[in-house]
Amino acid sequence: MSTGFGHYGVSIMMKGGALAAVGLACLLCLGVLPRVALGQGTTTDSEQAQSTLQPGASKADIAAGRRIYERGLLATGEPLRGTVVGDVMLEGAQVQCASCHRRSGFGTSEGGAYVAPIVAPWLFGAKTPDRADLFRKLYQEVQPNRMKSKVRSLQVRTAYTDATLATALRTGRDNTGRVLDPLMPRYRLDDTSMAQLIAYLHTLGQGSDPGVDDEAIHFATVIAGDVDPADRQAMMEVMEAFFRRKNAEIEAELQRPGHSPYHRDDFYRALRRWVLHVWELDGLPSGWSDQLEASYRQQPVFALISGLGEGTWKPVHELCERRRVPCLFPNTEQPVTEVGDYSLYLSPGWRVEGAALARHLSSAPPSQIVEVYRDQDSARLLSQALHDELAPAQQARIESRVVGVDPSLTESFWADLLRRGVSTTLVLWLPEVDLEPLSRVKGVESISEIYLSYRLLGNTVPNVPSQLAEKVYLTYPYALPGQEVPRIHRVRAWLRSRRLPANHERLRLNTYFALSIADHALVHLVESFSRDYFIEGVEHEAENSLNPGVFPHLSLGPGQRFASKGSWVVRVSNDGIEPLSEWIVP
Amino acid sequence: MWRFIQSTNGIATRPGQSLGASSLLLCALLISTGLMPGTLRAEDADGQTSAGDEHTGHHVTHDPGSSPRFSRVVRSYRAPDVTLVDAAGDPTSLSAALRHNGPLLLQFIFTTCPAVCPVLSGTFAAAQPELPSDTRMVSISIDPEHDTPSRMREYAERFRAGPSWLFLTGRLEDVVTVQKAFDAYRGNKMRHEPLTFVRATQAAPWVRLDGFLSAEQLVAEVRRLTAP
């Protein structure tokens, strides 16, 4: 059977898409899919936006409606209340619309539930099963069959009016009288709240988000501060290779003769060239916010992908939240810990190692802990997390010494520290050079164990002087050697075939991950360029098979912002490292 | 090549996994035996037939009104020997959590789950006061790295869980093992299905309820299983 579908292979090839392709192809050839009545392309969308905007709705109404939608909170301060599955009354966050229809309004296709999209063009336009949406839903996952049939049997209905919509929300009957799935709550809403909610629904999912035009989708990557030029190069090589590859595919697609006109209509329109903007921040971090804002104003981007930072990442995080730009997986050890809506990180960075060590030490508390760290961001964050996470009884038993950044520590420093002579656990947030004088000090036998950070050592296993053999442990937030995921081989092959060197591998793999997950999530959008929907796709995809293996396990979910969540504590032995602890998730 | 059959209840299905003639007949039979609407009693004594499949075809549509539909099969599952962590942060073996000689209800959830879990747990919450007083309920997180004991406590409070409702989390591998043992593992938590497992006594097999249930339906299931 030939439907001319395979040539959308750019994206389909990448994951379980064959099934979706076949399914959709069949639908197409059976002609079961009527035409779409959805606002298409940017211009139509904005025209439609105007035509569906509710007359008389004020900004305040829309904001109040949004609170109902996203937080389940009425303007009166009361929680939103609704009944699901016939007799289960839920309230507040449990029945906020965003929980099921998601912030984007595009719904979900979770295993057990098909939640319809309720973006304005859908609600206030006639609903016919939309090819693009079907593709999206089918493609997203290999769904249980129950779900597939639900998606396919989408009912047809006419456009809602505000009155029929209110009836649907209260009684669960749509404007054709069809009873909505019992999973869709029946809401108790007063008229004012209903009007506010509907005013917000009129604005939901109208048009494309900034950073997309008819030809291109714009992305940026941020390089913040005094980064190692070799790291910068490694990251940029992967970014550029990926963009080149992506654009070559899109180009081939656009050039391709023999699109069926039908096809040209739908998917062809979704194709956009990828444009990369590199935003380099210089000077003091206090000036970065303005630099970012200026770059954004000059060229709004749809999302930030990857990136590299030495030191703080806060100004970038704040831009992402302020401008509602998805920021995917920068290479930084200093992500902002407060959960944001738009900033997704690979791992909690320094903090996770300090906190994991605290958990480890709490499981078999040593009698005395001496911590030494240098006065710099990385070590301070490690130390702070360690202290925050230690049980109160332990906090009293830890003694901390802060030393200057520069001269390396001398024998006399260590001799002084070890004078007490009792069995001591050392936590040293220090580089490797400081270990050597320690090993020469009298009293070295009194050390029972030494904990160091693998990352702070520059991602290397230290050479342990023989006096300290068997006593050195590391916090280690990555997949263990030999713990490789299957995908690492594919990504390595990809990098090799682009003639990229094998050095800085973790950085390259992480960068590749950010790019490939962005690519996957974008495919699901088809032509609905909604940043929220994009983030929702990323949350969904993170747990799939894209993990290139730097971290043992990646997963996100609604409101989860760190894809890897833990760290090991490992023992340094002659043959390298072996786990001492379980994978600790503090 | 797929063809789509529009079955009478409006659910398009795929041949091979569809409501074949025999299962339709079976459905009709079962319904006519006077079972409560919306439930399908498809007890196969060997418990083998559909391990691993999606149980499509077991669905019976009734009045598509306010109560949901679900399927019901009897299965024997062997709970693995793993140690989980309860909401207080204490290690608890799964077998201890399931060692209970009254009705036992089990669901898999996670605290950031968008559509499915609030409804699953909401059904437990609403059924709570109506269930026999010796009923134990167990909710196990399938996202244990995120669902720390304190997040589980918060979640429990959201649903006003009483003392006989346990919330368990643990190590990722262990939780995967548990899900696999109950044929509930779907690889990605976002693909998680609405399942409720019910057992009348420790010796009884599990009843697997697939789909959403109203509180009334759930209570009726438990009552029926525990009826003398």
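Scroll up a little and you will see the structure.
The following refers to the structure shown. (Residues numbered from 1 in each chain as written. Chains lettered and ligands numbered in written order. Predicted model: local features only at pLDDT ≥ 70, side-chain atom pairs only at ≥ 80, totals over all residues. Heavy atoms only, no water.)

## Focus: the overall build of chain A
For chain A, the count of helices and strands is 22 helices and 16 strands. Accessible surface, chain A as shown: approximately 22500 Å² in total, 52% of it carbon and sulfur. (Helix = DSSP H or I, 4+ residues; strand = E, 2+ residues; numbered from the N terminus. Areas by Shrake-Rupley, 256 points an atom, 1.4 Å probe, with all protein chains shown as cover.)

## Observations concerning the overall build of chain B
If you tally the helices and strands in chain B, you get 6 helices and 10 strands. Counting only residues that meet the buried cut, chain B has 54% of its 228 residues in that class. Partitioning the contacts of chain B with sequence separation of at least 6, the portion at a separation of at least 24 is 72%. (Buried < 20%, exposed > 50% of the residue type's maximum accessible area, 1.4 Å probe, protein only. Contact = heavy atoms within 4.5 Å.)

## Overview of the pairing of strand 10 (residues 369-374) of chain A
Strand residues, when the strand is regular, have side chains that alternate between the two faces of the sheet. Residue and element names in this part refer to chain A. Counting buried positions over the 6 residues of strand 10 gives 6, a clear majority of the element. Strand direction decides the pairing type here: strand 10 and strand 12 (residues 424-429), joined by 5 bridges, are parallel. Bridging across to strand 12, Val-372 finds its partner in Leu-428. Strand direction decides the pairing type here: strand 10 and strand 11 (residues 398-403), joined by 6 bridges, are parallel. (Pairing = 2+ DSSP bridges.)

## Points about the sheet that holds strand 6 (residues 104-109) of chain B
Residue and element names in this part refer to chain B. One open sheet accounts for 8 strands, arranged 3-10-9-6-7-8-4-5; its pairing is mixed. The sheet is open, and its two edges are formed by strand 3 (70-75) and strand 5 (91-93), each paired on a single side. Each adjacent strand pair in this sheet contributes to an overall mean axis angle of 30 degrees, direction not counted. Pairing geometry for strand 4 (residues 83-86) and strand 5, over 3 bridges, is antiparallel. Residue pairing across strands places Thr-83 opposite Ser-93, the latter belonging to strand 5. Helix 3 (residues 116-127) contacts strand 6, strand 7 (136-141), strand 8 (165-169) and strand 9 (195-199) of the sheet and is inclined by roughly 160 degrees relative to strand 6. Its contacts with the sheet put helix 5 (residues 172-181) on strand 4, strand 6 and strand 7, and the angle it makes with strand 4 is roughly 105 degrees. (Axes fitted to C-alpha atoms, helices over the stretch in contact; angles between N-to-C directions.)

## Here we look at the sheet that holds strand 13 (residues 447-453) of chain A
Residues and elements named next belong to chain A. Strand order in the open sheet formed by 7 strands is 11-10-12-13-14-15-16, and the pairing between neighbours is mixed. Of all strands in the sheet, those bounded by a partner on one side alone are strand 11 and strand 16 (576-579). Within the sheet, the average angular offset between the axes of one strand and its neighbour, ignoring direction, is 25 degrees.

## Structural notes on unusual backbone geometry
All names here are of chain A. Positive phi outside glycine occurs at Arg-324, with the angle close to 55 degrees. The residue Arg-324 is located in the loop between helix 14 (314-323) and strand 8 (327-328) in this model. Given the relative accessible area of 34%, Arg-324 is considered partly exposed. In this structure, His-504 is a non-glycine residue whose phi angle is positive, near 45 degrees. For His-504, the position within the fold is in the loop between helix 20 (487-497) and helix 21 (505-525). By relative accessible area, which is 28% here, His-504 ends up partly exposed.

## Considerations on helix 18 (residues 411-418) of chain A
Residues and elements named next belong to chain A. Those residues of helix 18 that fall on the buried side of the exposure criterion are Phe-413, Trp-414, Leu-417 and Leu-418. For helix 18, the buried positions fall inside an angular range of 120 degrees around the axis, keeping them on one side. Turning to helix 18, the residues buried within the fold contact strand 10, strand 11, strand 12, helix 19 (435-440) and strand 13. (Arc of directions from axis to C-beta.)

## Here we look at helix 15 (residues 350-363) of chain A
Residues and elements named next belong to chain A. End to end, helix 15 covers 21 Å across 14 residues, agreeing with the expected 20 Å (1.5 Å per residue, within 8%). Burial of helix 15 is extensive: 10 of the 14 residues sit out of reach of the surface. Along helix 15, the residues classified as buried are Trp-350, Val-352, Glu-353, Gly-354, Ala-355, Ala-356, Leu-357, Ala-358, His-360 and Leu-361. (Expected span 1.5 Å × (residues − 1).)

## Notes on the side chain of His360(A)
Residues and elements named next belong to chain A. Within the fold, His-360 resides in helix 15. On the basis of relative accessible area, His-360 is assigned to the buried category, the value being 15%. In this structure the side chain of His-360 is engaged in a polar contact, spanning 3.4 Å, whose partner is the side chain of Tyr-451. Not counting residues up to four positions away in its chain, the partners in contact with His-360 are Tyr-451, Val-569, Leu-580, Ser-581 and Ile-584. (Polar contact = N/O pair within 3.5 Å; in protein donor to acceptor, adjacent residues only side chain to side chain.)

## Observations concerning the state of the cysteines
Using the criterion set out here, one finds 2 disulfides over all chains in the structure. Across a sulfur-sulfur distance of 1.8 Å, Cys320(A) and Cys327(A) are joined as a disulfide pair. As the torsion about the S-S bond is roughly -90 degrees, the Cys320(A)-Cys327(A) disulfide counts as left-handed. The side chain of Cys113(B) participates in a disulfide bridge whose partner is Cys117(B); the two sulfur atoms lie 2.3 Å from each other. Taking the torsion about the sulfur-sulfur bond, which here is approximately 85 degrees, the covalent link between Cys113(B) and Cys117(B) counts as right-handed. Cys100(A) provides the cysteine sulfur closest to Cys97(A), a residue in no disulfide bond, and the two sulfurs are 8.9 Å apart. A relative accessible area of 9% means that Cys97(A) is categorised as buried. Free of any disulfide, Cys100(A) has its nearest neighbouring cysteine sulfur in Cys113(B), separated by 8.8 Å. Note on Cys100(A): relative accessible area 14%, which makes it buried. (Disulfide = S-S within 2.5 Å.)

## A word on the pattern of salt bridges
Per the stated rule, a full pass over the model turns up 42 salt bridges over all chains. In this structure, Glu78(A) and Arg81(A) form a salt bridge, with 3.4 Å as the shortest nitrogen-oxygen distance. Exposure remark for Glu78(A): the relative accessible area of 41% places this residue in the partly exposed category. Judged by relative accessible area, which is 25%, Arg81(A) ranks as partly exposed. The partner of Arg455(A) in a salt bridge is Glu353(A), and the shortest N-O contact between them spans 2.8 Å. On the criterion of sequence distance, the pair formed by Arg455(A) in the loop between strand 13 and strand 14 (472-476) and Glu353(A) in helix 15 is long-range, its members being 102 residues apart. Per residue, the accessibility class of Arg455(A) equals that of Glu353(A), and both read buried. Salt bridges sharing partners connect three or more residues here, namely Glu78(A), Arg81(A), Glu91(A) and Arg160(B). (Salt bridge = Lys/Arg side-chain N within 4 Å of Asp/Glu carboxyl O.)

## Some points on the packing of aromatic side chains
The geometry of an aromatic ring pair comes down to the distance between the two centres and the angle between the two planes. Residues and elements named next belong to chain A. This structure, assessed with the given rule, holds 30 aromatic pairs over all chains. Measuring from centroid to centroid gives 5.0 Å for Phe-219 and Trp-274, while their planes differ by 55 degrees, and the two rings are tilted. With Phe-219 in strand 4 (residues 216-224) and Trp-274 in strand 5 (residues 273-281), this residue pair connects regions lying 55 residues apart in the sequence. For Phe-219, a relative accessible area of 0% puts it in the buried group. Its relative accessible area of 3% is what places Trp-274 among the buried residues. Put simply, the rings of Phe-219, Phe-242, Phe-243, Trp-274, Trp-494 and Tyr-512 touch in pairs and so form one group of aromatic residues. Against the face of Trp-494 rests Arg-498, its NZ or CZ located 4.4 Å from the ring centre. (Phe/Tyr/Trp six-rings, centres within 6.5 Å; stacked < 30°, edge-to-face > 60°. Lys NZ or Arg CZ within 6 Å of the ring centre and 35° of its normal.)

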